[in-house]
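Each chain is listed here by its residues.
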Amino acid sequence: MQQSDATVQQLQQELQKLQAEVQDKQADRDHKAQLAEMDAQVKLAIARMNNESKENLNELTQAVKLMLQHMQVPASLAQQVNQGLAMITNNMNRRPRNIPMQDINPLNAGFSLPESNMGQQPMPQEQQQMQQNYAPDTSQIENNAPQWLQ
């Protein structure tokens, strides 16, 4: 009887070990199934996002195409611009090309260098007027320089 009790205990221990192994294997299978399900869900979510992105890209492309169609220059405006450009080109072509180069010397043209101004005669009245006509009015100049330059 003792021997049978020992055998029963041994069998119960083996049964417990086998049940633990079965539970471990079942837990592994459950874990693998959960991983497979999560992987499938992630792949499905990525596929949905890619599909939405493609749809959004197509919508944006179509919207840009529509905007470009509406941004086309009207034919009447293009014609006016082309006519204006043609007039400017014609006027430029009518100007004489052989303009004589007079007063190449800057001292004779109303320009002078600070060092070379010494001992020179005053400018003629006509040159003084030309120089005054092109001088900037300093009251109209704004000081917009950044503070770090000042």
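Above this text sits the structure in question.
Now for a look at the structure at hand. Only a predicted model underlies this, so the values are computations on that prediction, with no experimental measurement involved.

Definitions and limits used
- Residues numbered from 1 in each chain as written.
- Predicted model: local features only at pLDDT ≥ 70, side-chain atom pairs only at ≥ 80, totals over all residues.
- Heavy atoms only, no water.
- Helix = DSSP H or I, 4+ residues; strand = E, 2+ residues; numbered from the N terminus.
- Buried < 20%, exposed > 50% of the residue type's maximum accessible area, 1.4 Å probe, protein only.
- Areas by Shrake-Rupley, 256 points an atom, 1.4 Å probe, with all protein chains shown as cover.
- Salt bridge = Lys/Arg side-chain N within 4 Å of Asp/Glu carboxyl O.

The number of helices and strands found in the chain is three helices and zero strands. Seen in sequence order, the chain has helices and strands lined up from the N terminus as α-α-α. Residue burial in the chain is summarised as follows: out of 150 residues, 1% are buried. When the accessible area of the chain is evaluated, it comes to approximately 15000 Å², of which 55% is carbon and sulfur surface.

A few words on the pattern of salt bridges. A side chain with one charge may pair with a side chain of the opposite charge, provided their charged atoms come close. As enumerated under the stated definition, the model contains one salt bridge in all. Between K43 and D39 there is a salt bridge, and its shortest N-O distance comes to 3.4 Å. Taken together, the residues span about one helical turn, with K43 and D39 both in helix α1 (residues 2–70) at a distance of four residues. The exposure class of D39 is partly exposed, given its relative accessible area of 38%.

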